[in-house]
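Remarks on the overall topology
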Amino acid sequence: MAITAAEIPNPPFFQVVGDRRAIRYFDPDRKVEDWKIQAILQSARYASCQGNINATEAIVVQKETCEVWDELEECVSGFNIQLANQCSHIVIWLTNLHAWYGRANDGLSTLALSGALTKYHGWNYEFSMTQTIPRLMSFPLERTDLLLRFETGLAVSQALLASTALGLGNCLVAFGRKPGGVEKTFGLPPNMKFTWAHAIGYPLEDPKSGGQRVRLKYDRLFNKDVYGTPLEADPAVDSALREVGLLQEQAPLPGRFEEIDALAERFGRDPGVVSWPEKELKRLINDDDWDFGPRIKARAEELIASGELPDYPEEMRETFQRIMEEHGLDTRKFLGE
Ligand SMILES: Cc1cc2nc3c(=O)[nH]c(=O)nc-3n(C[C@H](O)[C@H](O)[C@H](O)COP(=O)(O)O)c2cc1C
């Protein structure tokens, strides 16, 4: 039976943005309803796209029905294999580069027909046809690729939020084990680029995943008027955003590590999380760029006190140093003097 509007969860927007997490434990026995997948894809379809060219496409895969599953599974990065096998659906997000070269004209025409492309903003048919569109269409593939992958990212972001609103868990999963493998598995033509895979399912972990994951501080990311002048966050605004659910309690919430271990035991996997060496943890937790709250600091201290941390792989120091220097980074911050 078709779903009715009253049955579609419709939580407040900022709550959904705050609730979104990368979910990595899925219930292998629960399938996501078709209507939810449709709602997720519809949300992606209505993401903004340049000139209305509709460059984002997808293949929705279910392990049970997909004939090329085994081949596809071989492409999943090692740390995503459990995720891929236990989720309900995987959406293979694709970027169609032909959209840029083939649909620029028609896309803009649809905007004009819709009353979106107007003379007010200087649009003019002759100029568009002799200057703007030919110029855009003569972009090299690499430039088009960059522009359209960005667009696919927007569509995927809307899909992630829609799925979160529907009470589902989501994780973007790399399929990096076999470069070009996904394209080959599906026999995609060269214009059809595999951009990312997206696992969807009912979360087996708490949907809050032990709290919101720490980010860099607001004023380290956002600038005012010029680059390098921090844009300050108003604490009163943050406080209101906390009330509407956008800003939430930071991970790790109490019970998170017990939860992970219980899940590991249930599926016969190794318990525990990965840790970094003591010196690295101390350096990180004192790094003022990060928005560390008391819980994550306490966790770092607890780990340091446990003394069960690995050693830094000295043989790798030179590699890290070389790569950072190649990119003009001050290695002293990350590697010491
Ligand atoms: C483009 C992209 C690719 C990602 N790939 C993976 C992945 O392959 N495996 C994984 O476990 N998480 C992956 N993630 C999830 C991030 O690691 C996650 O967003 C991060 O841990 C921050 O946590 P949060 O999303 O819960 O805030 C990916 C996220 C993005 C945006």
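Residues numbered from 1 in each chain as written. Predicted model: local features only at pLDDT ≥ 70, side-chain atom pairs only at ≥ 80, totals over all residues.

1. Things to note about the overall build of the protein chain
Formally: Helix and strand assignments come from DSSP, with helices taken as H or I runs of at least 4 residues and strands as E runs of at least 2, each series counted from the N terminus. To sort residues by burial, count the other C-beta atoms lying within 10 Å of each one's C-beta; a count of 20 or more means buried, 12 or fewer means exposed, and anything in between means partly exposed. C-beta atoms are built from the backbone. With C-beta atoms placed from the backbone, a contact is any residue pair whose C-beta atoms sit within 7 Å.
The helix and strand inventory of the protein chain stands at 15 helices and four strands. Projecting the C-alpha coordinates of the protein chain onto the three principal axes gives extents of approximately 70 × 55 × 45 Å. Across the 337 residues in the protein chain, those meeting the buried criterion constitute 21%. Excluding contacts between residues fewer than 6 apart, the proportion of contacts in the protein chain whose partners are at least 24 apart in sequence is 83%.

2. Structural notes on the pairing of strand 3 (residues 169–173)
Here is the rule: Pairing between strands is defined by DSSP: at least two bridges between the two strands are required.
Most of strand 3 sits inside the fold, with four of its five residues counted as buried. Note: strand 3 against strand 4 (residues 192–201), five bridges, orientation antiparallel. Pairing of Cys171 across the sheet is with Ala199, part of strand 4.

3. Looking at the domain arrangement of the protein chain
Selection rule: Residue ranges assigned to each domain were obtained from an automatic or database domain assignment.
The assigned domain composition of the protein chain is domain 1 (5–201) and domain 2 (274–337). Each of domain 1 and domain 2 has a C-alpha centre, and these two points are 35 Å apart.

4. Digging into the packing of helix 12 (residues 278–285) against helix 13 (residues 294–306)
What counts, and what does not: Note on geometry: axes are C-alpha line fits, over the in-contact stretch for helices, and angles between N-to-C directions span 0 to 180 degrees. Each angle receives one of four descriptions, namely roughly parallel if under 35 degrees, roughly antiparallel if over 145, roughly perpendicular if within 65 to 115, and oblique otherwise. Each crossing gets its handedness from the near helix: less than a right angle anticlockwise from the far helix is left-handed, clockwise is right-handed. In the scheme used here, Gly and all other residues not listed as nonpolar or charged are polar, with Ala, Val, Leu, Ile, Met, Phe, Trp, Tyr, Cys and Pro taken as nonpolar and Asp, Glu, Lys and Arg as charged.
Between helix 12 and helix 13, the least distance of the axes is 10 Å, while the angle of their chain directions is 160°. The angle between helix 12 and helix 13 places the two elements in the roughly antiparallel class. Two packed elements cross with a definite hand, and for helix 12 against helix 13 that hand is left-handed. Contacts between helix 12 and helix 13 involve Glu278, Leu281, Lys282 and Ile285 from the first element and Lys297, Ala300, Leu303 and Ile304 from the second. Taken together, the residues that form the contact of helix 12 with helix 13 break down as five nonpolar, no polar and three charged.

5. Thoughts on the sheet that holds strand 4
Read across the open sheet, the four strands follow the order 1-2-4-3; overall the sheet is antiparallel. The strands lining the two open edges of the sheet, one partner per strand, are strand 1 (56–61) and strand 3. For this sheet the average axis-to-axis angle between neighbouring strands, irrespective of direction, equals 25°. Here helix 7 (residues 141–165) sits on the sheet in contact with strand 1, strand 2 (89–96), strand 3 and strand 4, set at roughly 10° to strand 4.

6. So, the site of the ligand
Cut-off, in case you're wondering: Using a C-beta atom placed from the backbone, a residue is described as near a molecule or strand when that atom lies within 6 Å of it.
Neighbouring residues of the ligand: Arg21, Ala22, Arg24, Ser77, Asn80, Cys171, Leu172, Val173, Ala174, Trp196 and Arg213. Sort the elements by how many residues they give to the shell around the ligand and strand 3 lands first, with three residues. For the shell around the ligand, a count of residues per class yields six nonpolar, two polar and three charged.

7. Looking at the environment of Arg30
Position of Arg30 among the secondary structure elements: in the loop between helix 1 (13–19) and helix 2 (34–45). When the 13 C-beta atoms within 10 Å are taken as the criterion, Arg30 is described as partly exposed. Residues within four places of Arg30 in sequence aside, it is in contact with Ser88, Gly201 and Tyr202.

8. Describing the environment of Ile90
Along the polypeptide, Ile90 turns up in strand 2. What makes Ile90 buried here is the crowd of 28 C-beta atoms within 10 Å. With 39 residues separating them along the chain, Ile90 and Gly51 place their C-alpha atoms 28 Å apart. Setting aside anything within four residues of it in sequence, one finds Ile90 in contact with Val61, Ala84, Ala197, His198 and Ala199.

9. Topic: unusual backbone geometry
Pro252 follows Ala251 through a cis peptide bond whose omega is 0°. Of note in this structure, Asn52 is not a glycine but carries a positive phi near 55°. For Asn52, the location among the structural elements is in the loop between helix 2 and strand 1. Judged by the 18 C-beta atoms lying within 10 Å of it, Asn52 falls in the partly exposed class. Residues other than glycine seldom take positive phi values, yet Ser209 does so here, at roughly 50°. Position of Ser209 relative to the elements: it lies in the loop between strand 4 and helix 9 (218–221).

10. Some words on the nonpolar core
Stated formally: The term nonpolar core refers to a group of buried residues, namely Ala, Val, Leu, Ile, Met, Phe, Trp, Tyr and Cys, whose C-beta atoms join them within 7 Å.
Counting residues in each nonpolar core, the largest one holds 38 residues, and the members touching the most others are Ile90, Ile92, Val173 and Ala199. Those elements that place two or more of their residues in this core are helix 2, strand 1, helix 4 (81–86), strand 2, helix 7, strand 3 and strand 4. Not counting residues up to four positions away in its chain, the partners in contact with Ala199 are Leu83, Ala84, Cys87, Ile90, Asn170, Cys171 and Val173.

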